[in-house]
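Analysis of the macromolecular model
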Amino acid sequence: MSTKKGIEVSIATSIAAQLARVEVVAAYPITPQTHIVEHLSELVANGELEAVYINVESEHSAMSACCGASAAGARTFTSTSAQGLELMHEILFIASGLRLPIVMATVNRALSSPLSIWGDHSDIMAARDTGWIMLFCENGQEVVDTVIMAFKIAENRNVLLPVMVNLDGFSLSHVIEPIEFPPQKDVDSFLPPYKPLYSLHPDKPVTMGAYAMPELYTEAKYAQEMALINSKKTIVDVMTEFGDKFGRHYKPVETYNTENTDFAFICLGSINENIATAIDELKSNGKEAGLIKLRLFRPFPKEELLDALKDKKRIAVVERAMPAGAINGPLYNEIASLIYNNKLDITLENYIVGLGGRDVHPEDFVDVYDKKIAAKTDKNYNVIGVRK
Amino acid sequence: MNFPELDIYAADTIPKEEFAVPGHRACQGCAEILALRIALKALGRNTIIAMATGCMEIISTPLPLTDWRLPWIHVAFENTAAVASGVESALKILVDKGRIPKKDIHVIAVAGDGGTSDIGIQALSGALERGHKFTYICLDNEAYMNTGIQRSSSTPYGAMTTTSPPGKKSIGQSTWKKNMPKIAAAHNIPYVATACPSYPFDLFSKVKKARMVNGPSYIHILSVCPTGWRIPVNESIKYGRLAVETGIFPLYEIEKGKYRLTFNPEPLRQVIDYLSGQGRFRHLTVKTISAIQEHVKLDWKRLKYLCGINK
């Protein structure tokens, strides 16, 4: 049995990629992702990871080189944040359209302008419809485990889609946490070497990246969409297998203290820990609030979320991105759509917090529960603590 | 003319095996597909192609058809060199780890002049600087022909395109052609060459040479485009020759920094011989033509100096 050790989550992320025996890493440095790629290049330089590290000249080229490497049959990894994710935006769609099982650790950060190197979810929300499988992590252990699982999900022949592992910039990427690393031999048996269905090789020439006329484009995109939707079965299977093997169990949607209450928060990422702290605080005062954590965001885990929402009367959706002119934040809109389609009688509230690294206090969630913070202002959401 | 004994007398000339097969959708008289066809013959079967969006991509791969008998990937417009970097790196590590058998596979990146000198120059510069063993082939037809003849930084001075139209306040393209081979050479890569399918053996041998070098190589091929240049479709080869014979597009190579003229057409023909038959230059005034003539003279002199030819 392996033991826990205190380690920075970024370093742990690169060790997870090392345990997964990634073969090509193409990355461009951007805060707060830098520690991940620095450590990976160090591992390659020291011969501790048998891989090629391509020092590309931009994130656009990072994702492009990843496409080439994955198409040639190598297990491929990259990492980025914010502006970097936006620069590779075009190629994100192509990576999923070409069905390339690339894994990327996205260290979530605010988008410019104004320039901010600090954490929020505006980068990932702008990239949410790129056809990637998207998983969110709450703590460092989840990041390590999710990176390893991500390759197994991505490379499954029924999936063959790229996977993004999201971790919050600084508030998760730069903290030191006690983390347990699975032994290499166990990871090897869980995750055997990647065997591509098709790869670029002269022995069996294939054409990748053809264009589609209107008679075929819809069919091609529909097939891709079905693969994405159906990937949830593999995701659940892989999480189950991982739990059986390593003793840490994950689910697309996880809950905390939801049994005896009809009120719950819904959130993505590391803020879930702050909310859990608030819930414990409420509990000590005899009040019951629940938390529904979305670990899987794409494909949207509607069945699991519906199950978590049954018996709920009031839901506070907490998110780290501005609606940008929409009625509500992107996460709220997804949940509202689910509630409407299933005719659930639930009051939905929307709180925007933690933009550009703004501190998020558990007290705010206590106040949300107690309705001391208005659910609606002149908008259909409340940006907590904003000075107007 | 018919040479029934060609195989006996010229066994080492251009191979008959085709990797770009008939049935593609290129325009009549397209010298670009011709250039690529010859280049692929020089490269042989153990080749992987990364191709940019553009004419050659769009004429070759309408789903579910393909023109390529070689492994081929298209990702986007501006990133071909980066895609090739990824392919080359993957092959290297997979062989090193013993995951695939060792084989002399060569990776090439193919893009047009826009995909090279404009939108793709950053990815190209990065890949050349990193020293991947690959060959970058720029098929230069001197404008964005695929989207309807818009100017690029490789469009020659004075040329009419749909976004550099001549008018009361415009002579057509107002800038001189960007010198891509020189930019590639500035990365200190082992091999850079210019070529033109009007000189197929020169093109063939340069591609062969590019494949042999240990590191990045860059070949810039002038590819006459009858559609965009407004010339008869049966005159592509002639205009390729005229570009070389007038000194407008010299054939040379830069091997480990050393320039060499691979074909010296002196005495140079006057540029008017090249310009006059092309619709894209028909609006040129005597003044503009003489400016082009002077520019060519100066460039030729500079090139000869670099090649160590003094006269």
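Residues numbered from 1 in each chain as written. Chains lettered and ligands numbered in written order. Predicted model: local features only at pLDDT ≥ 70, side-chain atom pairs only at ≥ 80, totals over all residues.

Another aspect to go through is the overall build of chain B. Counting its secondary structure elements, chain B contains twelve helices and ten strands. Since a compact globule built from 311 residues should have a radius of gyration of about 19 Å, the 19 Å found for chain B is in line with a globular shape. When its C-alpha atoms are laid out on the principal axes, chain B stretches across 65 × 45 × 45 Å. The burial tally for chain B puts 51% of its 311 residues in the buried class. Within chain B, residue pairs in contact and separated by at least 24 positions form 68% of the contacts whose partners lie at least 6 positions apart. (Helix = DSSP H or I, 4+ residues; strand = E, 2+ residues; numbered from the N terminus. Rg over C-alpha atoms; globule rule 2.2 N^0.38 Å. Buried ≥ 20, exposed ≤ 12 C-beta atoms within 10 Å, placed from the backbone. Contact = placed C-beta atoms within 7 Å.)

Turning our attention to the nonpolar core. By size, the foremost hydrophobic cluster in this structure holds 213 residues, and its most contacted members are Val24, Cys67, Val147, Val163 and Val165 of chain A together with Val87 and Val110 of chain B. With ten residues, the single largest contributor to this core is helix 2 (residues 31–43) of chain B. When residues of this core are sorted by domain, at least three fall in each of domain 1 (4–246) and domain 2 (254–383) of chain A. (Core = buried A, V, L, I, M, F, W, Y, C linked by C-beta atoms within 7 Å. Domains from an automatic or database assignment.)

Once that is clear, we can look at the domain arrangement of chain A. Residues and elements named next belong to chain A. Taken domain by domain, chain A comprises domain 1 (4–246) and domain 2 (254–383). On the side of domain 2, 22 residues touch domain 1, which itself brings 28 residues to the contact. For the side of domain 1 that touches domain 2, the secondary-structure elements that each account for two or more residues are helix 6 (122–126), strand 6 (133–136), strand 7 (163–168) and helix 9 (214–246). A class-by-class count of the residues in the side of domain 1 that touches domain 2 yields 14 nonpolar, nine polar and five charged. (Nonpolar A, V, L, I, M, F, W, Y, C, P; charged D, E, K, R; others polar.)

With that out of the way, let us pick up the confidence of the model for chain B. Averaged over every residue, the pLDDT of chain B is 96; the share at 70 or more is 96%. Two numbers describe this predicted complex: its pTM, 0.97, and its ipTM, 0.97. (pLDDT = per-residue confidence, 0-100.)

With that settled, consider the sheet that holds strand 12 (residues 290–294) of chain A. All names here are of chain A. Read across the open sheet, the six strands follow the order 10-12-11-14-15-16; overall the sheet is mixed. The open sheet has two edge strands, strand 10 (253–256) and strand 16 (382–383), and neither has a second partner. Pairing between strand 10 and strand 12: four bridges, direction antiparallel. Bridge pairing in strand 12 places Tyr256 opposite Leu291. On top of the sheet, helix 10 (residues 271–284) reaches strand 10, strand 11 (263–267), strand 12 and strand 14 (314–319); it is set at about 170 degrees to strand 12, its chief contact. (Pairing = 2+ DSSP bridges. Axes fitted to C-alpha atoms, helices over the stretch in contact; angles between N-to-C directions.)

With 40 residues of chain B at the interface, the matching set in chain A holds 41 residues. The set of elements that each furnish at least two residues to the side of chain B that touches chain A consists of strand 1 (47–51), strand 2 (72–74), helix 4 (80–96) and helix 6 (121–130) of chain B. Here the element with the most residues in the side of chain B that touches chain A is helix 4 of chain B; it accounts for twelve residues. Bridge count between strand 9 (residues 207–208) of chain A and strand 2 of chain B: two bridges; the pairing is parallel. If you follow Met208 of chain A over to strand 2 of chain B, its bridge partner there is Ile73 of chain B.

Further remarks concern the sheet that holds strand 3 (residues 106–112) of chain B. Backbone-to-backbone hydrogen bonds pair the strands of a sheet. The strands run either parallel or antiparallel. Pairing is mixed in the open sheet, where nine strands are placed in the order 9(A)-2(B)-1(B)-3(B)-4(B)-8(B)-7(B)-9(B)-10(B). With partners counted over all chains shown, the strands left at the sheet margins are strand 9 of chain A together with strand 10 (258–263) of chain B, one partner each. Summarising the sheet, strand 3 of chain B and strand 4 (residues 134–140) of chain B pair through six bridges and their orientation is parallel. Residue pairing in the sheet places Gly112 of chain B in a bridge with Leu139 of chain B of strand 4 of chain B. Contacts from helix 8 (residues 200–212) of chain B reach strand 3, strand 4, strand 7 (191–195), strand 8 (217–222), strand 9 (251–255) and strand 10 of chain B within the one sheet, and its direction differs from that of strand 7 of chain B by about 165 degrees.

Residues and elements named next belong to chain A. Look at helix 1 (residues 9–19) against helix 7 (residues 140–155): their axes get within 8 Å of each other, and the N-to-C directions meet at 20 degrees. Considered as vectors, helix 1 and helix 7 are oriented roughly parallel to each other. Along this stretch, helix 1 crosses helix 7, giving a crossing that reads as right-handed. Where helix 1 abuts helix 7, its residues Val9, Ala12, Thr13, Ala16, Ala17 and Leu19 lie against Gly140, Val143, Val144, Val147 and Ile148. Partitioned by chemical class, the residues of the contact of helix 1 with helix 7 number nine nonpolar, two polar and no charged. (Parallel < 35°, antiparallel > 145°, perpendicular 65-115°, else oblique. Left-handed = near helix turned anticlockwise from the far one by under 90°.)

In summary, the side chains of a regular strand alternate between the two faces of the sheet. Residue and element names in this part refer to chain B. For strand 3, the buried fraction is high: seven of the seven residues fall into the buried class. Neither face of strand 3 is left uncovered, since the one carrying His106, Ile108, Val110 and Gly112 and the one carrying Val107, Ala109 and Ala111 both have all their residues buried. Judged from the five bridges that link them, strand 1 and strand 3 form a sheet pairing that is parallel. Bridging across to strand 3, Ile48 finds its partner in Val107.

The peptide bond linking Thr31 of chain A to Pro32 of chain A adopts the cis configuration, its omega dihedral lying at 0 degrees. Relative to the helices and strands, Pro32 of chain A is located in the loop between strand 2 (24–27) and helix 2 (34–45).

It is worth spelling out the packing of helix 2 of chain B against helix 8 of chain B at this point. Residues and elements named next belong to chain B. Close contact between helix 2 and helix 8 brings their axes to 8 Å; oriented N to C, the two are set at 45 degrees. Put simply, helix 2 runs oblique to helix 8. In the packing of helix 2 onto helix 8, the handedness of the crossing is right-handed. Of the residues in helix 8, those touching helix 2 at Ala35, Ile38, Ala39, Lys41, Ala42 and Leu43 are Pro200, Leu203, Phe204, Val207, Lys208 and Arg211. Class assignment for the residues of the contact of helix 2 with helix 8 results in nine nonpolar, no polar and three charged.

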